[in-house]
Amino acid sequence: MDATTLLDWYDIHHRDMPWRVPPAARKAGEVPNPYHVWLSEVMLQQTTVAAVRAYHTKFTALWPTVEDLAAADDADVMAAWAGLGYYARARNLLKCAREVTARGGFPNTEAELLTLPGIGPYTAAAVASIAFDRKATVLDGNVERVMARLHAIEEPLPDSKETLRTLAAERTPDARPGDYAQAVMDLGATICTPKSPACGICPWMKGCAGRIAGIAAELPRKRPKKAKPTRLGHVYIARRPDGATLMETRPPKGLLGGMLALPTSEWTDAPSPAPPLEAGWREIGEVRHTFTHFHLILTVWTAETLAAETRGHWVDQADPGDLPTVFAKALRLAL
DNA sequence: GAGCCGTGGCG
DNA sequence: TCGCCAAGGCT
């Protein structure tokens, strides 16, 4: 009953996305492309639809099939992901593509999907339901918020997570699992939004305990977060007369792991200068950037040089678009 | 369980 | 300007 109400709403208000099969087409028998769905769900982890669109289009143009992606060079995939953030996703994306290719295609059950790199509880449920129309309970930030409000759950996250998961499972219908999964997330993204939810036009307004109690907008409650410290550092942009720029590939794990980068000092309260070669360095400004758990202020230095580097490698055509945003900012400052 | 891990938009 | 937040996963 409730699910039917939501699916009726979704039939009218669904949003077009490059990886989606619209409800009418799905009813007519069109089947989603599992590669496209999986790629979209990984990109959408903690990332908005608006940010994902262009990257999804770029990836499917560069690598039309999961086999193509599996055969790609790591550096090309990391460069294509640059700017989207959470770079471990790109490393796991490649691992997953290679495992899927080795086993001859995507598994079509939630349990098997869950064993693949970069696929956790949410993504396994999302791909199983959206790509293969299997009944599965998707529980993301949207669904948590919707369930917390519908049932006026005042216990804060993450303590309430299993309660919310049970409530979400109870509400999941047997019919149209893929459309339902997308519908409940769309509801959270467009109606049951974090701030000032549009309760007046919500298809589920009748049974919403949070709305009736007048506390919908306050839910879900969350534990207070820690303040972000500020770290400092130096970043060095060395250019040769032929135009090449000195770059580094970051270590494979940790912050910005595996990404192309500019040479920097350590990022601390009081960083020591650490130029990658001897040259007449000039300070040209600073770059501010905020990561997940700290603020960063980098002093930007440039030099024209023919000196030999002590670390890194020269890149002929340095493209800010191939770099994580903090380095793109520094490079653009120098250009 | 809790820390780590990006980015851009929004109020 | 700044904290919050988004279709989380890994360790």
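Chain A goes by Adenine DNA glycosylase in an unreviewed UniProt entry, where it is assigned to Pontivivens insulae. Per UniProt, chain A carries the Sequence similarities (unreviewed entry) text "Belongs to the Nth/MutY family."

Caption draft 1: Quick look at the packing of aromatic side chains. Applying the stated rule across the entire model yields nine aromatic pairs. Seen in terms of ring centroids, Tyr35 and Trp38 are 6.1 Å apart; in terms of plane orientation they differ by 35°. Their pairing is tilted. In this pair, Tyr35 and Trp38 both sit in helix H3 (residues 34–43), three residues apart, roughly one turn of the helix. Residues Tyr35 and Trp38 agree in their burial class; the two are buried. Relative to Phe291, the ring of Trp267 has its centre 5.8 Å away and its plane inclined at 25°; by these criteria the two rings are stacked. Of the two residues, Trp267 sits in the loop between strand S3 (260–261) and strand S4 (282–290) while Phe291 sits in the loop between S4 and strand S5 (295–304), which places them 24 residues apart along the sequence. We note that Trp267, like Phe291, is buried. The ring centre of Trp204 lies 4.8 Å from the NZ or CZ of Arg171, which sits over that ring.

Caption draft 2: Quick look at the pairing of S5. With seven of its ten residues buried, S5 lies for the most part within the structure. Pairing of strand S1 (residues 230–239) with S5 involves ten bridges; the strand directions are parallel. Each residue of the ladder has a partner; that of Ile237, found in S5, is Thr302. In this sheet, S5 lies alongside S4 in antiparallel orientation, the contact comprising eight bridges. By the bridge assignment, Val287 is partnered in S5 with Leu298. Here S4 folds back onto S5, and the loop between the two strands holds four residues.

Caption draft 3: Region of interest: the domain arrangement of chain A. Split by domain assignment, chain A resolves into domain 1 (32–136), domain 2 (137–224) and domain 3 (230–334). On the domain 2 side, the residues contacting the nine residues of domain 1 number 13 residues. Carbon and sulfur atoms make up 63% of the area that domain 1 and domain 2 hide from each other, which totals about 890 Å². On the domain 1 side of the interface with domain 2, the three residues burying the most area are Tyr122, Ile130 and Lys135, jointly 55% of the side's total. Here Lys135 makes a salt bridge to Asp174, at a shortest N to O gap of 2.7 Å. Summed over the shared surface of domain 1 and domain 2, the number is three residue pairs in polar contact (both at pLDDT 80 or more).

Caption draft 4: How the structure looks around helix H1 (residues 2–13). Helix length check: H1 (twelve residues) gives 16 Å between terminal C-alpha atoms against 16 Å at 1.5 Å per residue, within 8%. Those residues of H1 lying buried are Ala3, Leu6, Leu7, Trp9 and Tyr10. Along H1, the residues classed as buried sweep out an arc of 160° about the axis, all on the same side.

Caption draft 5: Looking closely at the protein's contact with DNA strand B. Taken together, the neighbourhood of DNA strand B is formed by 18 residues, with Tyr87, Leu256, His289, His293 and Thr325 sitting nearest. Sugar plus phosphate, as a fraction of atoms of DNA strand B within 4 Å of the protein: 63%. The contact in question runs from a phosphate oxygen of DNA strand B to an N or O atom on the side chain of His289, over 2.5 Å. In terms of residue class, the surface near DNA strand B is made up of seven nonpolar, ten polar and one charged.

Caption draft 6: Spatial organisation of the protein's contact with DNA strand C. The environment of DNA strand C is formed by 25 residues, the closest being Gln46, Gly118, Asp140, Asn142 and Arg145. Among all atoms of DNA strand C positioned within 4 Å of the protein, those belonging to sugar or phosphate total 66%. At a separation of 3.3 Å, a phosphate oxygen of DNA strand C approaches a polar backbone atom of Gly141. Listed by contribution, the elements that provide at least two residues to the surface near DNA strand C are helix H9 (121–132), helix H10 (141–150) and helix H12 (177–190). Taken together, the residues that form the surface near DNA strand C break down as nine nonpolar, eight polar and eight charged.

Caption draft 7: Region of interest: the UniProt feature "domain: HhH-GPD" (unreviewed entry) in chain A. Feature annotation in UniProt places "domain: HhH-GPD" (unreviewed entry) on residues 43–190, given in this structure's numbering. Helix makes up 64% of residues 43–190 and strand 0%, whereas the separation of the span's terminal C-alpha atoms amounts to 19 Å.

Caption draft 8: Region of interest: the pattern of salt bridges. Applying the stated criterion across every chain yields a total of 19 salt bridges. Two residues, Arg176 and Asp11, come together in a salt bridge whose shortest N-O distance is 2.7 Å. Taken together, the positions of Arg176 in the loop between helix H11 (161–171) and H12 and Asp11 in helix H1 put the pair 165 residues apart, joining distant regions of the chain. Here the salt bridges do not stand alone but share partners, grouping Asp11, Arg26, Lys27, Asp133, Arg176 and Asp179 into one network.

Caption draft 9: A look at the pairing of strand S2 (residues 245–249). Counted residue by residue, S2 has four buried out of five residues, so it is predominantly covered. Here S2 pairs with strand S6 (residues 313–315) via three bridges, running antiparallel. If you follow Leu246 over to S6, its bridge partner there is Trp314.

What counts, and where the lines are drawn
- Residues numbered from 1 in each chain as written.
- Chains lettered and ligands numbered in written order.
- Predicted model: local features only at pLDDT ≥ 70, side-chain atom pairs only at ≥ 80, totals over all residues.
- Heavy atoms only, no water.
- UniProt positions renumbered as here; feature names shortened; annotations may be inferred.
- Phe/Tyr/Trp six-rings, centres within 6.5 Å; stacked < 30°, edge-to-face > 60°.
- Helix = DSSP H or I, 4+ residues; strand = E, 2+ residues; numbered from the N terminus.
- Buried < 20%, exposed > 50% of the residue type's maximum accessible area, 1.4 Å probe, protein only.
- Lys NZ or Arg CZ within 6 Å of the ring centre and 35° of its normal.
- Pairing = 2+ DSSP bridges.
- Domains from an automatic or database assignment.
- Contact = heavy atoms within 4.5 Å.
- Buried area = accessible area lost by both parts, 1.4 Å probe.
- Salt bridge = Lys/Arg side-chain N within 4 Å of Asp/Glu carboxyl O.
- Polar contact = N/O pair within 3.5 Å; in protein donor to acceptor, adjacent residues only side chain to side chain.
- Expected span 1.5 Å × (residues − 1).
- Arc of directions from axis to C-beta.
- Near = heavy atom within 4 Å.
- Nonpolar A, V, L, I, M, F, W, Y, C, P; charged D, E, K, R; others polar.

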